[in-house]
Amino acid sequence: KLSKYTDIRSVAIYGGLGPKTQIEAIEKGVDIILATPGRFTDLYSRGVIVPKNLQYMILDEADKMMDMGFFPQIRKILEVIPRKRKNLLFSATFPPKVEVLSEEFLEAPVRIEVTPQATTAETITQSLYRVPNFRTKINLLAHIFETEKPERALIFTRSKSMADNVFHFLERKVVGAGKIRVIHANKGQNTRINAMEAFKSGDIEVLVSTDVAARGIDV
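This one's a predicted model, so the numbers in the text were calculated from it and none came from an experiment. Within every chain, residues take consecutive numbers counted from 1 along the sequence as written. Given that the model is predicted, a residue must reach a pLDDT of at least 70 before its local features are reported, and side-chain atom pairs must reach 80 or more before they are shown or counted; all residues, however, enter totals for whole chains, interfaces and linings. As a rule here, side-chain values cover all heavy atoms of the structure and leave hydrogens and water aside.

With that settled, consider the overall build of the chain. A run of H or I in DSSP becomes a helix once it reaches four residues, and a run of E becomes a strand once it reaches two; helices and strands are each numbered from the N terminus. Helix and strand content of the chain: 8 helices and 7 strands. Judged by the C-alpha coordinates and their principal axes, the chain covers about 60 × 40 × 35 Å. Looking at the chain as a whole, 29% of its 219 residues qualify as buried. When contacts within the chain are restricted to residue pairs at least 6 apart in sequence, long-range pairs at least 24 apart make up 55% of them. For the accessible areas, the method is Shrake-Rupley and the probe is 1.4 Å, while residue cover comes only from the protein chains on display. Within the structure as shown, the chain displays about 15300 Å² of accessible surface, and the carbon and sulfur contribution to it stands at 51%. Only four residue types enter the tally: Lys and Arg on the positive side, Asp and Glu on the negative side, with His and both chain ends excluded. In plain terms, the charge of a residue is placed at NZ if it is Lys, CZ if Arg, CG if Asp and CD if Glu. Taking the 32 positively charged and 26 negatively charged side chains of the chain as two groups, their mean positions are separated by 5 Å. Each residue gets one of three labels from its accessible area relative to the maximum for its type: buried under 20%, exposed over 50%, partly exposed in between, using a 1.4 Å probe on protein chains only. We call two residues in contact whenever any of their non-hydrogen atoms come within 4.5 Å of each other.

Written out as structure tokens, the structure is:
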């Protein structure tokens with residue numbers, strides 16, 4: 001969208017879709033490649049991406065990529081792209097593992113911090129419930145739905161299997177079929193997009209998701 005009315009050519013490459021269209025776009029010539037580490041590595045190994053002319057390298061959501069286990073793939077990418085380049089690293093948080101990556105990835109960096117870490121938006125009211133196990137968590141969820149009756153709820157889980165478990169429990173015991181959906185990395189790209197659009201439009205009341213899969217939802 002940002003380059004729509006310019007002569008800048010860009011392509012987004014990621015898994016979940018066949019690479020044919022992405023390969024064709026790259027072979028026509030591009031100025032900017034936006035990629036997930038896995039698909040970038042795949043197309044590089046096929047000889048589709050020739051990195052010798054890359055001038056900028058940007059790592060976005062560095063903390064999330066670390067959580068998803070992309071560190072080895074990022075290291076491989078850094079090994080094959082030109083040493084003389086300009087680097088930028090963006091991260092919502094700055095834990096030790098991201099700091100280690102920044103030391104390897106950046107040379108004499110300038111650190112820009114928009115807001116102090118762990119700063120909560122003023123419009124959000126938070127509550128903390130200390131519960132011992134998963135069974136207690138889902139029963140607490142059911143209680144919250146019964147007592148507070150939220151019009152819409154977005155539930156994040158740590159793993160894909162936990163997202164599926166929460167989804168099946170709430171669909172069966174609390175909200176009913178047709179009012180809830182689940183998205184995670186095992187769901188197809190179109191399925192995830194349709195679920196997010198349905199949640200944003202109010203067609204469904206509850207969306208259960210791993211954190212990464214739900215990124216981009218504007219609520």
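For the rest of this paragraph, the subject is a nonpolar patch on the surface. There is a patch of nonpolar side chains on the surface, built from Y56, I58, L88 and F90 and spanning about 390 Å² of accessible area. Relative to the helices and strands, Y56 is located in strand 3 (residues 56-59). The patches reported here contain residues having more than 30% relative accessible area and no salt bridge. Joining distances are 9 Å for like charges and 5 Å for nonpolar side chains (Val, Leu, Ile, Met, Phe, Trp, Tyr). Basic side-chain nitrogens of Lys or Arg form a salt bridge, by our definition, when they fall within 4 Å of a carboxyl oxygen of Asp or Glu.

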